[in-house]
Amino acid sequence: MVRFNYRTLDELKADIAAQCVEIAVQEDLSPLSRPMIIHGKTVPNRIALNPMEGCDGEFDGTPSDLTRRRYERFARGGAGLIWMEACAVKADGRANPRQLMLNEDNLEAYTQLVSDIKRWAVDSGNAEPVVILQLTHSGRYSKPEGKPAAIKAWHNDILDVPTNPGRIITDEELDELIGLYVKSAVLAAKAGFDGVDIKACHKYLISELLGSWNRPGKYGGDFDGRTRFLRTVIRAVKSAVPEDLIIATRINAYDRMKYPFGWGSTAEGEVDLGEIERLAPLLREDGVELIDITGGNPYFTPHMNRPYDGGGYRSSEHQLRGVNDLHRAASAVQKAVPGVPVVASGFSWLREYGANVAAALIENGNCAFAGFGRQSFAYPDFAKDILAGGMDRNKCCVCCSKCTHIMRDSGVCTGCVVRDSATYLPIYRAGREGKPPIDEKRVAEHV
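Residues numbered from 1 in each chain as written. Predicted model: local features only at pLDDT ≥ 70, side-chain atom pairs only at ≥ 80, totals over all residues. Heavy atoms only, no water.

What follows is about helix H9 (residues 319-336). Helix length check: H9 (18 residues) gives 26 Å between terminal C-alpha atoms against 26 Å at 1.5 Å per residue, within 8%. Of all 18 residues making up H9, 14 are buried, and the element is well covered by its neighbours. (Helix = DSSP H or I, 4+ residues; strand = E, 2+ residues; numbered from the N terminus. Expected span 1.5 Å × (residues − 1). Buried < 20%, exposed > 50% of the residue type's maximum accessible area, 1.4 Å probe, protein only.)

With that out of the way, let us pick up the side chain of histidine 202. Along the chain, the position of histidine 202 falls in the loop between strand S8 (195-198) and helix H5 (205-210). Within the structure, the side chain of histidine 202 is placed 2.9 Å from the side chain of threonine 294, a separation counted as a polar contact. With residues near it in sequence (within four places) discarded, histidine 202 still touches Tyr141, Ser207, Arg250, Asn252, Thr294, Gly295, Gly296, Asn297, Pro298 and Asn305. (Polar contact = N/O pair within 3.5 Å; in protein donor to acceptor, adjacent residues only side chain to side chain. Contact = heavy atoms within 4.5 Å.)

Here we take up the nonpolar core. Formed by 114 residues in total, the largest nonpolar core has its most connected members in Tyr181, Phe229, Leu230, Val237, Ile251, Ile291 and Ile293. If near-sequence neighbours (up to four positions away) are discounted, valine 237 is found in contact with Tyr181, Val182, Ala185, Val196, Ile198 and Ile247. With 14 residues, the next largest nonpolar core counts Val43, Ala48, Ile246 and Val343 among its residues. (Core = buried A, V, L, I, M, F, W, Y, C linked by side-chain atoms within 4.5 Å.)

On to the sheet that holds strand S12 (residues 369-372), then. Ordered by their spatial adjacency, 8 strands build a closed barrel running S3-S4-S5-S8-S9-S10-S11-S12, and the pairing between neighbours is parallel. Strand-to-strand, the axes of this sheet are offset by a mean angle of 30 degrees, without reference to chain direction. Against the sheet, helix H3 (residues 107-123) touches strand S4 (81-88) and strand S5 (130-136), its axis set at about 160 degrees to S4. Helix H4 (residues 171-191) rests against S5 and S8 of the sheet, and its axis sits at about 160 degrees to S5. (Pairing = 2+ DSSP bridges. Axes fitted to C-alpha atoms, helices over the stretch in contact; angles between N-to-C directions.)

This brings us to the environment of glycine 262. Along the chain, glycine 262 turns up in the loop between strand S9 (246-252) and helix H7 (274-286). Separated by 54 residues in the primary sequence, glycine 262 and serine 316 have C-alpha atoms spaced 20 Å apart. Glycine 262 has contacts with Lys203, Gly211, Trp213, Asp255 and Met257, leaving out every residue within four places of it along the chain.

Now for unusual backbone geometry. Omega for the bond connecting tyrosine 259 with proline 260 falls within 30 degrees of zero, at 5 degrees, which places this linkage in the cis form. Positive phi, close to 70 degrees, is recorded for lysine 203, a residue that is not glycine. Checked against the element boundaries, lysine 203 lands in the loop between S8 and H5. Not every positive phi belongs to a glycine, and arginine 351 is a case in point at roughly 55 degrees.

This is the structure:
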């Protein structure tokens, strides 16, 4: 693990060679400006905002003023694909008390938000973006009332903790959950979203099922059993929603977790892309039209899915290893399903050079879109700057992990402490000092 200190693109290229990783870089950023049609909907450019949860909805799951503020900034920022954050399909599967949750009572608020996102984009001189809603159940990371209340796919000797033993979800509960995903997807279509994502990443419920080798019954064990729930949900959603709704999934290509506790992992806990390469064509057959690739577990191995310069622990591996793993996985999936657009991730640690790496990946046919996560918190108009010629390092995310600290300290909201300090620095300081996690009046002043 090193500090990002590249002063030129050539210095980054030299370190890529020194680390023996295969990360392509190019100066021409024009591939990022190309439009693409997905299932009849035009995405105006190849820049995507990966789903970044703000933990700032109302307690009933409705987007708050702070939520709307974030999406206005994103919409005005110019990205062609806005992948909206995790939205729970069931109350006991919320990751925090303020996680978004779409239902009949707040459908109007979501309808207004989608309409506003598109209006904000156009009013700012951008083309209308395609907007995806991520549907989730947080599984072992459920905290619907702010306290750990794990609902696990199965026992995991690596992740299980005595202070949060939780319970194992039954096959019968999973059967019932399928209908809740369908219900949420139908509501998302009514709200005007262009697509829905059946979230299967980062060891939340569906992701954990993918790696539940020891789980008995129809939703565990062999490959067919471990992938059955995800595939069943996708088929059920596909059959219930309007034909033009994009069906997507953000999915772990690997957990990098030792057998029998990990998906896409060797017995030693290294990356094995064989499972995702086998699954991707099946997902295409089930109706998936867009795949967003990620990996690892932000609670256990955060350096794998969001390489950073500072955090709760220091990884023993160079950040370029994590970037390379993510891009290698996206490339493998794009090769496995050439007709399905794949979103790659892992660009934020590269600062302004993330655009150069993204352009090379797209130009070489290794992915269709470049998905930026933390960068959008710090630098919401980065896409507009890329399309105009390049990013400004002085506006980039510095990968300090303070956005994660807020979330862990308070559980109520997160954002960029460094670049958006008027709103988030007071919340960060309060959380660090163990004080009430959020001063609602203070936040309201800056919305």
